[in-house]
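# Observations on chain architecture
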Amino acid sequence: MEFSIKSGAPQTGGNGCLVVGVFEPRKLSAAAADLDRTAQGYLGKVVRRGDMQGRPGTTLLLQDVPGAATRVLLVGLGREAEFRDKQYRDAVAAAIRALNATGAEEASLHLTELVVGKRDVAWKVAHAVTVARESAYRFTRMKSKSEDNGTALRRMALSVDRAAQKHAAAGLERGLAVAHGMSLAKDLGNLPPNVCTPAYLAAQARELAQHYRMKITVLERADMQRLGMHTLLSVAQGSAQPPKFIVIEHRGGPKTMKPVALVGKGITFDTGGISIKPAAEMDEMKFDMCGAASVLGTLKAVGEMKLPINVVGVVPTTENMPGGRATRPGDIVKSLSGQTVEILNTDAEGRLILCDALTYVERFEPAAVIDIATLTGACVIALGHVASGLFANDDALAREVASAGEVSYDRVWHMPLWADYQEQLKSNFADFANIGGRPAGAVTAACFLARFAGKFKWAHLDIAGTAWKSGKEKGATGRPVPLLTEFLVNRARRK
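First things first, this report covers the structure right here in the doc. (Residues numbered from 1 in each chain as written. Predicted model: local features only at pLDDT ≥ 70, side-chain atom pairs only at ≥ 80, totals over all residues. Heavy atoms only, no water.)

## Concerning the sheet that holds strand E14 (residues 340-342)
- The three strands lie next to each other as E13-E14-E18, forming an open sheet whose pairing is mixed. What marks the edges here is a single partner per strand, and that holds for strand E13 (332-334) and strand E18 (432-433).
- Bridging between E14 and E18 involves two bridges; their strand directions are parallel. Bridge assignment links valine 341 to a residue of E18, and that residue is phenylalanine 432. (Pairing = 2+ DSSP bridges. Helix = DSSP H or I, 4+ residues; strand = E, 2+ residues; numbered from the N terminus.)

## Focus on the side chain of glutamate 284
- Within the secondary structure layout, glutamate 284 lies in the loop between strand E11 (266-270) and helix H9 (290-305).
- Here glutamate 284 occupies a buried position and makes no salt bridge, while the nearest side chain of opposite charge, lysine 474, is found at 4.1 Å.
- A polar contact is formed between the side chain of glutamate 284 and the side chain of tryptophan 468, at a distance of 2.8 Å. (Buried < 20%, exposed > 50% of the residue type's maximum accessible area, 1.4 Å probe, protein only. Lys, Arg positive; Asp, Glu negative; His and termini not counted. Salt bridge = Lys/Arg side-chain N within 4 Å of Asp/Glu carboxyl O. Polar contact = N/O pair within 3.5 Å; in protein donor to acceptor, adjacent residues only side chain to side chain.)

## Let's talk about the nonpolar core
- Grouped together as the largest cluster of nonpolar side chains are 63 residues, with contacts concentrated most on Ile248, Leu262, Ile370, Val401, Leu461 and Leu488.
- If you tally residues by element for this core, the top one is H9, at nine residues.
- For leucine 262, the residues in contact, after removing those within four places along its chain, are Val295, Thr298, Val311, Val312, Gly313, Val314, Ile370, Ile372, Leu484 and Leu488.
- Core analysis: the next-biggest nonpolar cluster, separate from the first, contains 46 residues, Leu354, Cys355, Ala446 and Phe456 among them. (Core = buried A, V, L, I, M, F, W, Y, C linked by side-chain atoms within 4.5 Å. Contact = heavy atoms within 4.5 Å.)

## Some thoughts on the state of the cysteines
- By the definition in use, this model includes zero disulfides.
- Take cysteine 290: it sits in no disulfide, and the sulfur closest to it among the cysteines is that of cysteine 196, at 9.2 Å.
- What makes cysteine 290 buried here is its relative accessible area of 4%.
- No disulfide involves cysteine 447; its nearest neighbouring cysteine sulfur is the one of cysteine 379, lying 13 Å away. (Disulfide = S-S within 2.5 Å.)

## A few points about the packing of aromatic side chains
- Here the structure, examined in full by the defined rule, presents ten aromatic pairs.
- Look at phenylalanine 245 and tyrosine 360: their rings are 4.8 Å apart centre to centre, the planes differ by 65°, and that puts the pair in the edge-to-face class. Here the residue phenylalanine 245 occupies a position in strand E9 (residues 244-251), and tyrosine 360 occupies one in helix H10 (residues 350-360), the gap between them amounting to 115 residues. In terms of burial, phenylalanine 245 and tyrosine 360 fall into one category: buried.
- Through a chain of ring-to-ring contacts, the aromatic side chains of Phe23, Phe83, Tyr88 and Trp123 assemble into a single cluster.
- Here lysine 186 stacks its cationic end above the ring of tyrosine 137, 4.3 Å away from the centre of that ring.
- For the cation-ring pair, arginine 363 lies above tyrosine 360, with the distance from its terminal atom to the ring centre recorded as 3.9 Å. (Phe/Tyr/Trp six-rings, centres within 6.5 Å; stacked < 30°, edge-to-face > 60°. Lys NZ or Arg CZ within 6 Å of the ring centre and 35° of its normal.)

## Overview of H10
- Counting buried positions over the eleven residues of H10 gives eleven, a clear majority of the element.
- Those residues of H10 that sit buried are Gly350, Arg351, Leu352, Ile353, Leu354, Cys355, Asp356, Ala357, Leu358, Thr359 and Tyr360.

## Focus: empty space enclosed by the protein
- Counted under the stated rule, the structure contains two cavities of 30 Å³ or more.
- There is about 80 Å³ of room inside the largest cavity.
- Split into classes, the residues belonging to the lining of the largest cavity amount to five nonpolar, six polar and one charged.
- Roughly 40 Å³ of internal volume is contained in the second largest cavity.
- Every residue along the wall of the second largest cavity is listed here: Thr130, Arg133, Glu134, Tyr137, Ala179, Met182, Ser183 and Lys186.
- Those elements giving two or more residues to the lining of the second largest cavity turn out to be helix H4 (121-136) and helix H5 (165-190).
- No other element matches the four residues that H5 contributes to the lining of the second largest cavity.
- The residue inventory of the lining of the second largest cavity, partitioned by class, reads three nonpolar, two polar and three charged. (1 Å grid on protein atoms, 1.4 Å probe; cavity = no way out; pocket = protein on both sides within 12 Å on 5 of 7 lines; lining within 4 Å. Points joined across faces, edges and corners; volume = space filled by probe spheres on them. Nonpolar A, V, L, I, M, F, W, Y, C, P; charged D, E, K, R; others polar.)

## Considerations on the layout of surface pockets
- The volume enclosed by the second largest pocket comes to roughly 1,100 Å³.
- Taken together, 40 residues make up the lining of the second largest pocket; nearest its centre are Lys277, Asp347, Thr376, Gly377 and Ala378.
- At the level of elements, H10, helix H11 (377-383) and helix H13 (441-450) are the ones that each hand at least two residues to the lining of the second largest pocket.
- Of all the elements, H11 adds the most residues to the lining of the second largest pocket, at five residues.
- Across the lining of the second largest pocket, the residue classes break down as 17 nonpolar, 13 polar and ten charged.

## Points about unusual backbone geometry
- Of note, the bond from glutamate 24 into proline 25 is cis; its omega dihedral lies within 30 degrees of zero at 0°.
- The linkage connecting arginine 479 with the following residue, proline 480, adopts the cis geometry, with an omega of 5°.
- Mapped onto the elements, proline 480 comes out in the loop between strand E21 (475-476) and helix H14 (481-494).
- For arginine 26, which is not glycine, the phi torsion reads 60° and is therefore positive.
- Look at arginine 26 and you get partly exposed, because its relative accessible area is 38%.
- For arginine 213, which is not glycine, the phi dihedral falls at a positive 55°.

## Quick look at the pattern of salt bridges
- Counted under the stated rule, the structure contains 24 salt bridges.
- Between arginine 119 and aspartate 85 there is a salt bridge, and its shortest N-O distance comes to 2.8 Å. On the criterion of sequence distance, the pair formed by arginine 119 in the loop between strand E6 (106-109) and H4 and aspartate 85 in helix H3 (residues 85-100) is long-range, its members being 34 residues apart.
- We classify aspartate 85 as buried; its relative accessible area is 13%.
- For arginine 491, the salt bridge is made with glutamate 400, and the minimal N-O distance between the two is 2.6 Å. In this pair, arginine 491 sits in helix H14 while glutamate 400 sits in helix H12 (residues 395-408), placing the two residues 91 residues apart along the sequence. The same class applies to arginine 491 and to glutamate 400, which are both buried.
- Within this structure, Lys215, Glu249 and Arg251 form a network of salt bridges that share partners.

## Looking at the environment of serine 294
- Among the secondary structure elements, serine 294 is positioned in helix H9.
- According to the relative accessible area criterion, serine 294 is buried, its value standing at 0%.
- Excluding residues within four positions of it along the chain, serine 294 makes contact with Ala185, Ile372, Arg479, Pro480, Val481 and Leu484.
- At 2.7 Å, the side chain of serine 294 and the backbone oxygen of glycine 291 are in polar contact.

Following this line, the structure appears as structure tokens:
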């Protein structure tokens, strides 16, 4: 789908569709009212007789509107006083679904003219683009026959005030970059684990780095052994797939600018190891590399926008498999930091690969580090599938990440990281254990990682509940690419 910016009164070509909103109860939006005057009151008659009440998510397609257009799509917006971020995004999504059910090849979207709280036109355009691309996304790569989803929509014009076209164009650029980054993250997450192996992730990272002229380094098992990444290698012991340690550097800022480091958990399949998981829904453990996918997706967005900032993406990646060589519960391993860890549960493996990665990024002297991981089922119980868990050793950084989540509508919830919880990680035989029991499992996992993040400002995003969907809509979500991109855009603007 191609996007463009337009200004002026609602109008469209012969095979197009105008999209305007209706507030509840039965109130035409400004663009709809303008169109109604052109149509000599036709829309008003439709609304007054009750065919469109304006309830959120409802749509009504009108054909051959006199004096106006071949097709007009009315979209319910809910109550005007309550029209905010969610309602706007839901309205755009409803419009895209309805448009895809028509034969329209092009559409003129006038929902971008609506007042959405204090959001500016760039925000409205960017979110319209990302929502439209999300609604149109399908993963069909592994099917033997291509599927025609019946959509004819090819072009969409986003309507804005003439004076705001420059800001709208900036929003369009950002929205497309985020959408493309999300698509990459979703594609990687949705691939089966026999395709998306650590080696495959490394190959995709190389392609990304080459395309956007970024520096890339891929450490092999022998390199990790020489460095002393024994916690990461302990997870990889049971797998026939060799682990990889991927480092991508985007150098868009001055050499003296300290980089932001993004560290993504890349478990391409997680059986739980010797502490094996139940069989039900284990297929979804291919999504355990969505943290890594979000790092690559964010770097794609950064590369497209040519952000004037330095970013380092770090992806430790391996499978977690059982076998004769696999790590056992009770094993003790030494991390790259020199600290020893008693492995009480091999299914708490994400923190074991991340801790070595966090120690590794010290060499970049980062301004801030954010790790992203599908880390704990406990976070899903705590926050469900709406918000990602946020932990940080710096309150200002936490506020910065949370603010980026609000603006991008990729929200997080700040969780505690108090020293009291560290007591649960005590071990009789090593410096500490890799689990702290059932209580506060998401918190103790973050506390484990905090022991390796003492030399920089650090935030941890637990995306176990937000990285993918189950059931009928099973698939990767592409989160938190929008949040991370917004965070980096703000950093670049500030610098």
